[in-house]
Amino acid sequence: MVENEVRLLPDDDGSWRLEAYLRQGGYQAARKALTAMAPEAVVAEVCGAVIRGRGGAGFPAGRKWGFIPKDATRPKYLCVNADEGEPGTFKDRLILLRSPHALLEGMLIAAFGVGIRTAFIYLRGEYAGLAARLEEAIAEARAAGYLGPRVLGTEFGLDVVVHPGAGAYICGEETALLESVEGRRGQPRVKPPFPATVGLFRSPTVINNVETLAAVPGIIAHGASWFLGRGLPTDGGTRLFGVSGAVRRPGVYELAVGTPLRTIIEVHAGGPPVGRSIKAVVPGGLSAPILLPEELDVAMDVDSLAKAGSMLGSAGIVVIPDGTPMLDVLQVTARFYAHESCGKCTPCRIGTSWIFKTVDRIRSAGGGPEDLDLILRLADGIRGRTLCPFGEGAALPIRALVTKFRDELEQAVAR
Amino acid sequence: MSGMKRIGLTIDGSKVEAFEGTNVLRAAEQAGIAIPHFCYHPGLEVEGSCRMCLVEIEGLPKLELSCSTVVREGMVVRTATERVRQARRDVLEFLLAEHPLDCPICDKAGECRLQDYYDRYGPYAARMLEARERREKKAPIGRNLILDRERCVLCTRCVRFLRQVTKTGELGVFERGVRSEVGIFDGAPVDNAYSGNLVDICPVGAITAGDFRFKTRAWFLERKPSVCPHCGRGCAITVESIKGYPMANGTRRVFRITARENTAVNGFWICDLGRDGRHDIDDGRVTGLMKKGLPAPGLSWTKALAEVAAAVRAVPGPGRAAEIAVVLNSRMTCEELALAKGLFVASLGLSKVFFADRKPGDADGLLLTADRVPNGRGALAAGFAPRLPAPGELTSVRLLLMFGSQLTEDFAGETIVPALAAIPSRFLFAAHSGPLDRLADTVFPVAVPAEKSGAYINFEGIRQAFCRAVEPPPGVVPEGDIIAFLAHSLGLNPGDPDAC
């Protein structure tokens, strides 16, 4: 790690406990916010830091907080999106495992800034093993007065509830997450209204990713300009890049936003194993359209990736080595989206299934260019037409795979 | 509505106006521009899931849902561009790719949105080579309801209706993605008094009614509006019947009664009691004149009514008030009640004019009122103070004219039968056969409300006029015609028929 942020990812094993967190200056930022700052100043500071959502959409967190109506008569809620389900992504897991108090402190600051008294952590079903540690961290914080009715002796109080999911990818979509917390089938809602005005239990709701909130204490402790200086003026701070696949040192790397993708893969993750080369890279979780080796000099920030025709997404980098049949990659990708489509809206429900059935058929029985054309047309029938971003998330990577590896795919299916 | 702000917008180049808060889909509809849709229903919350109603809105990069987008001043909407049409074609292609295309045996054929929209946005060749999902085709999901899961487009109108309107929530969506299916929860079928609406609102042939399946085709049905006579609300209904080819005695004429929109009275729904009212039109009818409970084929209406007139004349003037009794009912229209008032009370000076009606039940808090008659307020408006005859009030009576057979509902047989038997002359004007038939000298077959034109005043005082929705069987006439004929025979003017 370069530029390591010790409070975010301490290395030693006992470090997740409150005691260790406090030793490193933990909860000082919350103390500063609650005792020395006005709520509006907290929101303004986070706005100024231009911290863009770490869950995938890349929306500036401070602005999101600013959308919460000031004169709301209903209670307001904070929902932490810990439903880390994007294939190739495993950074939030590390925060929950190693530094749950960083998340709790970030939640505390966010809740104070927006005027929230109840927060939910929506924990991915597959992360059930982390629930106990999270609950214990919450208990520690409550016992020490960092959570509960009077935080740090102030009038401000916050309760945190851990809500486990049941294993559906779609529940990482913010409105499906809200439905799930409310005890209903996890399916996205029509927007508008947006959760900031009509969210959980029809009340104004902030939904932030784990990593986003865990970065907030740093912003409050050191200031927005410090945070901005660690990244780009349009995309502040450092991010956790999860690197997996054909690299010598897979893992989670905390690096400045804007670090070139090639540097992350070659320098930090050690590049491909000896004798192997890179065939393609998924830069930001499976939903981010795939990049070719010649496209790897792109800077890893929200805008640069969008300009490159892909997406920073959750910054989960998957390195695909030479020799990997792209028809297999296409099949696995298509299967994932067909399997995880919630089924609520027509294009996604039937389109993803149709694409998967077609890929599966040409993979086992062969096919021709017309089948690849059909897949592209089906993807076009999905993108921009669905109820939630899942549609883009499925259509764009499939489009990119078929377009960028057209020759290989045509040869692979020709019989 | 007059206090509501009107918003000006442009749809397909035309300047239109809509009330503030209207969605683009409705605004377009009001301007005569139909936007195709499956999941949207004005009586339910917006779901936005079928994606059929996408339109272009100037200034927005993506196609937007017309069902969930509310009109704004100066908004420019385009519903017929190639981009919009392509989106509709794509959604339709997706839906049809997983649709069984069993229209020849589907009861929805002829009134199915998939058919209508394919007609509008097709044709195109099928491109799916893959096998369709196989699903259950006749799942019994509750009273009179059969679900065909292969035809379902998952618009969830049915699920939402049961959650938002009846609040009984018997249906849910199970499984995920393309395997998603509508279904009931273990051992708890759809069981509420509004279940028939599920058939009305299903945009395709997924939910069909057990008593309609395979009985006829939608294009054989003649649809006529009427007002439901089964409670005090007077819901707007459509009576769908067959006419035009010879039907044997006892053949079904009315194949179904469906809900019609009337926001002032019933919104979009009707209850199953009203829907089952088709039996009231078709079943148990008196179809010809009867003497002492037996068909009297040789008897003509003129002769039979002359007997009634003669019986009236046989009771001398001063004695009439106490010696002729009339029993009316609150299913009669305002016009008929006005005639009755004019003839029996004003002209003949009768004091024994009673009402016998279906017994009240419980109001259900949704549409069904406690009153089980449609024109209780109309009876009041006609100047009656409706009441049943008290025991003993019929003893000195020499002539009884009964409109409807409801007397037996309110009195035990052992009370009413001897009382009626003691009256020398008894005439019954009834739509349905009943226990009073045998006690009447003559039974005259009369029309049911759907066979009449007239007006009802509902329990909230809303006057609703309606026209004949279905032809009465030959030789069956409305009570109003009978009263008018009697008046004419007696040389009396029953008064202005529009008195109420």
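What counts, and where the lines are drawn
- Residues numbered from 1 in each chain as written.
- Chains lettered and ligands numbered in written order.
- Predicted model: local features only at pLDDT ≥ 70, side-chain atom pairs only at ≥ 80, totals over all residues.
- Helix = DSSP H or I, 4+ residues; strand = E, 2+ residues; numbered from the N terminus.
- Rg over C-alpha atoms; globule rule 2.2 N^0.38 Å.
- Buried ≥ 20, exposed ≤ 12 C-beta atoms within 10 Å, placed from the backbone.
- Contact = placed C-beta atoms within 7 Å.
- pLDDT = per-residue confidence, 0-100.
- Pairing = 2+ DSSP bridges.
- Axes fitted to C-alpha atoms, helices over the stretch in contact; angles between N-to-C directions.
- Core = buried A, V, L, I, M, F, W, Y, C linked by C-beta atoms within 7 Å.
- Domains from an automatic or database assignment.
- Parallel < 35°, antiparallel > 145°, perpendicular 65-115°, else oblique.
- Left-handed = near helix turned anticlockwise from the far one by under 90°.
- Nonpolar A, V, L, I, M, F, W, Y, C, P; charged D, E, K, R; others polar.
- Arc of directions from axis to C-beta.

What follows concerns the overall build of chain A. In terms of helices and strands, chain A carries 17 helices and 8 strands. Radius of gyration (C-alpha) of chain A: 22 Å, near the 22 Å computed for a compact globule of 415 residues. Overall, chain A is about 75 × 45 × 35 Å in size when its C-alpha atoms are taken along their principal axes. Counting the 415 residues in chain A, one finds 57% classified as buried.

Helices and strands together make up the secondary structure of chain B, namely 14 helices and 22 strands. Oriented by its inertia axes, the alpha-carbon framework of chain B measures out at about 85 × 50 × 40 Å. Burial status across chain B gives 46% buried among its 500 residues. Long-range contacts, defined here as pairs at least 24 residues apart, represent 67% of the contacts in chain B between residues at least 6 apart.

Before going further, it helps to spend a moment on the confidence of the model for chain A. Summing up the model confidence of chain A, the mean pLDDT is 95 and the portion of residues at 70 or higher is 97%. Predicted confidence is poor over residues 1-8 of chain A, with pLDDT under 50, and the contacts of this stretch with residues over four places away or in other chains come to 22 contacts.

This next bit is on the sheet that holds strand S2 (residues 118-123) of chain A. All names here are of chain A. Overall, parallel pairing links the 4 strands, which are arranged S3-S2-S1-S4 in an open sheet. If you trace the sheet from one side to the other, it starts and ends with strand S3 (159-164) and strand S4 (205-209), each paired once. Pairwise comparison of adjacent strand axes, ignoring direction, gives a mean angle of 20 degrees for this sheet. Relative to S2, strand S1 (residues 77-82) runs parallel, the two sharing 6 bridges. Among the inter-strand pairings, Val80 is bridged to a residue of S2, identified as Ile121. Where helix H7 (residues 128-143) meets the sheet, it contacts S2 and S3, and its direction lies at approximately 170 degrees from that of S3. Running over the sheet, helix H9 (residues 210-222) touches S1 and S4 and is turned about 90 degrees from S4.

On to the confidence of the model for chain B, then. In low-pLDDT regions, the fine details of the predicted coordinates are not to be read closely. In the predicted model, chain B carries a mean pLDDT of 93, and 96% of its residues have values of at least 70. Scoring of the predicted complex yields 0.93 for pTM and 0.92 for ipTM.

Core analysis: the biggest nonpolar cluster contains 191 residues, and A:Cys79, A:Val80, A:Met107 and A:Val281 have the highest contact counts within it. Broken down by element, the residue count for this core peaks at 10 residues, all from helix H6 (residues 100-114) of chain A. When sequence neighbours within four positions are dropped, the list of residues in contact with A:Cys79 reads A:Phe120, A:Tyr122, A:Leu177, A:Leu178, A:Val181, A:Leu200, A:Thr205 and A:Ile207. If you look at the next biggest cluster of nonpolar residues, it comprises 80 residues, including B:Phe355, B:Met402, B:Ala431 and B:Val470.

Quick look at the interface of chain B and chain A now. With 26 residues of chain B at the interface, the matching set in chain A holds 26 residues. Top contributing element to the side of chain B that touches chain A by residue count: helix H2 (residues 82-97) of chain B, with 6 residues.

Once that is clear, we can look at the domain arrangement of chain A. Residues and elements named next belong to chain A. The assigned domain composition of chain A is domain 1 (13-229), domain 2 (238-321) and domain 3 (326-413). Between the C-alpha centres of domain 1 and domain 3 the distance comes to 35 Å. Across the contact, 9 residues belong to domain 1 and 8 residues belong to domain 3.

As a further point, take the packing of helix H14 (residues 346-365) of chain A against helix H15 (residues 369-382) of chain A. If you want to describe how two helices pack, look at the angle between their axes and the distance between the axes. All names here are of chain A. Running from N to C, H14 and H15 cross one another at 165 degrees; their axes reach a closest spacing of 9 Å. What the angle tells us is that H14 and H15 run roughly antiparallel. Handedness of the crossing formed by H14 with H15: left-handed. Contacts between H14 and H15 involve Pro347, Cys348, Gly351, Trp354, Ile355, Thr358, Val359 and Ile362 on the former and, on the latter, Asp371, Leu374, Ile375, Leu378, Ala379, Gly381 and Ile382. Of the residues in the contact of H14 with H15, the class split is 11 nonpolar, 3 polar and 1 charged.

Segmenting chain B into domains produces domain 1 (6-94), domain 2 (133-209), domain 3 (222-282) and domain 4 (290-489). Between domain 1 of chain B and domain 2 of chain B, the C-alpha centre-to-centre distance is 27 Å.

On to helix H11 (residues 261-268) of chain A. For an α-helix the count is 3.6 residues per turn, leaving residues at separations of three or four pointing the same way. Residues and elements named next belong to chain A. Those residues of H11 that sit buried are Leu261, Ile264 and Ile265. Mapping the buried residues of H11 onto a view down its axis gives an arc of 90 degrees, with all of them on the same face. At the C-terminal side of H11, Gly270 shows a positive phi close to 85 degrees.

Residue and element names in this part refer to chain B. Relative to strand S2 (residues 14-19), strand S1 (residues 6-11) is paired through 6 bridges, and the arrangement is antiparallel. Within S2, the residue paired with Arg6 across the bridge is Phe19. Linking two consecutive strands that pair antiparallel, namely S1 and S2, is a turn of 2 residues; a positive phi of about 50 degrees is found at Asp12 within it.

Right, let's talk about the sheet that holds strand S5 (residues 238-245) of chain A for a bit. All names here are of chain A. Strand order in the open sheet made by the 4 strands is S6-S5-S8-S7, with mixed pairing throughout. Strands with a single pairing partner mark the edges of an open sheet, and in this sheet they are strand S6 (251-256) and strand S7 (278-282). Averaged over all adjacent pairs, the angle separating strand axes in this sheet is 25 degrees, with direction ignored.

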